[in-house]
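Below, each chain spelled out in residue letters.
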Amino acid sequence: MIGVEMKKALRAYAEVLRLVRRLPQDTRPYYAKYARENFVNYREVDASDSTAISDLFLRTYTHALWVLNKYSVDEAAAKKLKEICCN
């Protein structure tokens, strides 16, 4: 990923880490590590494949919502992540 998509990915990653801080304290290390591993694993995705990039951003958002719901955190907390990933 380069350029615009790389910046978008970094913003999404930062926002995911902010959301991790809203989770119960004992779960934060696990989800922070999980998020990092996923972002690292997908860094080699072809930046010219807009479908794959869009799918990854959508998956980032939907998975974040799933985790927030699992721990009864208001989905509204993910508004900024939705703006980053779904626009």
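See the structure printed just above.
Here's a quick rundown of the structure. All figures in this text were calculated on a predicted structure; none of them were measured in a lab.

Criteria and thresholds
Residues numbered from 1 in each chain as written. Predicted model: local features only at pLDDT ≥ 70, side-chain atom pairs only at ≥ 80, totals over all residues. Heavy atoms only, no water. Helix = DSSP H or I, 4+ residues; strand = E, 2+ residues; numbered from the N terminus. Rg over C-alpha atoms; globule rule 2.2 N^0.38 Å. Contact = heavy atoms within 4.5 Å. Areas by Shrake-Rupley, 256 points an atom, 1.4 Å probe, with all protein chains shown as cover. Lys, Arg positive; Asp, Glu negative; His and termini not counted. Charge placed at Lys NZ, Arg CZ, Asp CG, Glu CD. Salt bridge = Lys/Arg side-chain N within 4 Å of Asp/Glu carboxyl O. Buried < 20%, exposed > 50% of the residue type's maximum accessible area, 1.4 Å probe, protein only.

## Thoughts on the overall build of the chain
Looking only at helices and strands, the chain features 4 helices and 0 strands. For the chain, the N- to C-terminal ordering of α and β elements is α-α-α-α. For the chain, whose C-alpha radius of gyration is 13 Å, the value lies close to the compact-globule estimate of 12 Å for 87 residues. Considered along the principal axes of its C-alpha atoms, the chain spans approximately 35 × 25 × 15 Å. For the chain, the proportion of contacts with a sequence separation of at least 24, taken over those separated by at least 6, is 63%. Of the roughly 5,900 Å² that the chain leaves accessible, carbon and sulfur atoms contribute 53%. For the chain, the separation between the mean place of its 15 positive charges and that of its 11 negative charges on side chains is 7 Å.

## Focus: the pattern of salt bridges
Under the defined criterion, the tally for this structure stands at 3 salt bridges. Residue glutamate 37 is joined to lysine 33 by a salt bridge in which the shortest nitrogen-to-oxygen separation is 4.0 Å. Taken together, the residues span about one helical turn, with glutamate 37 and lysine 33 both in helix 2 (residues 28-41) at a distance of 4 residues. The exposure class assigned to glutamate 37 is partly exposed, which follows from its relative accessible area of 38%.

## Description of the side chain of glutamate 15
The topology assignment puts glutamate 15 in helix 1 (residues 3-20). A residue is classified by how much of its surface remains accessible, and glutamate 15, at 6% relative accessible area, is buried. Once residues lying within four places of it in the same chain are set aside, the contact partners of glutamate 15 are Ala77, Lys80, Leu81 and Ile84.

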